[in-house]
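# Notes for the structure review
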Amino acid sequence: MSDYTKIADTGNGVIALLKDALIPELLNSPDQIGLCSPEDHGDFAVGVWLYDVSEDTSIQAHEMTNIGRNTQRYPSTYLTLHYMITLYLQSDLKYRAPQEHHILGRIIQTFRDHAAMDPDRFTPLEGATGTNIRIQMKDLELEEKLRLWTVPNMAYRTSLFYTAGPVEIQSTRRKTVTRVREIDYRIAEKEG
């Protein structure tokens, strides 16, 4: 697996987690959940939109990583991914709001119960530790939410906002190093 796919893999991991949580109890088909923007959600009932990618400044990688006897890799970049999760249900109006509330509650419960993903397999873990990708609800003011909702001629829909990170993107740059193979300890005699 190429390391540059970690952003896509994280999104797919989020989708897989939602499918496990919502199918078949609250939605009929896994095809109703997918990555999309609010403008172009097609037939999805639950849309997950990656609206921002930012560098995780809490992790400052400055050291080279040894990847063999004579090779080092330059430091990785660590990212935080920002997601907006919106419901686009097509059910009868009198049933839609309660169904949306059930789904929103289940999504919140799922991300709380599975707050970490294994960054190598992108599967949920039972706790957020170490280098796992943590999924956390983001607290935004209503003005920020409305600003993110950029769909013209469409009323704002209640959405959930989450971050996932740190997502590591490893450098492809490598450096060949020469290892110390022999040490010569010679003590010079002091004249005088």
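As a reminder, the structure under discussion sits directly above these lines.
Residues numbered from 1 in each chain as written. Predicted model: local features only at pLDDT ≥ 70, side-chain atom pairs only at ≥ 80, totals over all residues. Heavy atoms only, no water.

A count of helical and extended segments in the protein chain gives three helices and 10 strands. Element order for the protein chain, N to C, with α for helix and β for strand: α-β-β-β-β-β-α-β-β-β-α-β-β. Within the structure as shown, the protein chain displays about 12600 Å² of accessible surface, and the carbon and sulfur contribution to it stands at 47%. (Helix = DSSP H or I, 4+ residues; strand = E, 2+ residues; numbered from the N terminus. Areas by Shrake-Rupley, 256 points an atom, 1.4 Å probe, with all protein chains shown as cover.)

Mapped onto the secondary structure, Ile108 falls in helix 2 (residues 93–113). Sequence separation between Ile108 and Leu160 is 52 residues; the distance between their C-alpha atoms is 8.3 Å. Residue contacts for Ile108: discarding those within four places in its chain leaves Met137, Leu160 and Tyr162. (Contact = heavy atoms within 4.5 Å.)

Right, let's get into the side chain of His41. For His41, the position within the fold is in the loop between strand 1 (33–35) and strand 2 (46–55). The class for His41 is buried, based on a relative accessible area of 13%. Beyond its immediate sequence surroundings of up to four residues, His41 is in contact with Cys36, Tyr88 and Met154. (Buried < 20%, exposed > 50% of the residue type's maximum accessible area, 1.4 Å probe, protein only.)

The omega torsion across Ile23 and Pro24 is 0 degrees, close enough to zero to call that bond cis. The residue Pro24 is located in the loop between helix 1 (6–22) and strand 1 in this model.

What follows concerns the pairing of strand 9 (residues 159–169). Burial runs high along strand 9: 10 of the 11 residues are buried. Strand direction decides the pairing type here: strand 5 (residues 77–87) and strand 9, joined by nine bridges, are antiparallel. Each bridged residue has a counterpart across the sheet, and for Tyr78 the counterpart in strand 9 is Glu168. Inspection of the sheet shows strand 8 (residues 133–137) paired to strand 9 by four bridges, in the antiparallel sense. If you follow Arg134 over to strand 9, its bridge partner there is Gly165. (Pairing = 2+ DSSP bridges.)

This paragraph deals with helix 2. End to end, helix 2 covers 31 Å across 21 residues, agreeing with the expected 30 Å (1.5 Å per residue, within 8%). Among the residues of helix 2, Glu100, Ile103, Leu104, Ile107, Thr110 and Phe111 are the ones counted as buried. Angularly, the buried residues of helix 2 cover 130 degrees about the axis, an arc narrow enough to put them on a single face. Opposite the buried face of helix 2, at more than 90 degrees from it, the exposed residues are Lys94, Tyr95, His101, His102 and Arg112. Contacts made by the buried residues of helix 2 are with helix 1, strand 2, strand 5, strand 8 and strand 9. (Expected span 1.5 Å × (residues − 1). Arc of directions from axis to C-beta.)

Counting through the fold element by element, Tyr51 comes out in strand 2. Classification of Tyr51 as buried rests on a relative accessible area of 16%. For the pair formed by Tyr51 and Ser37, sequence separation is 14 residues and the distance between their alpha carbons is 8.1 Å. Among all residues touching Tyr51, those that are not within four sequence positions of it are His82, Tyr83, Met84, Lys138, Leu140, Leu148 and Phe161.

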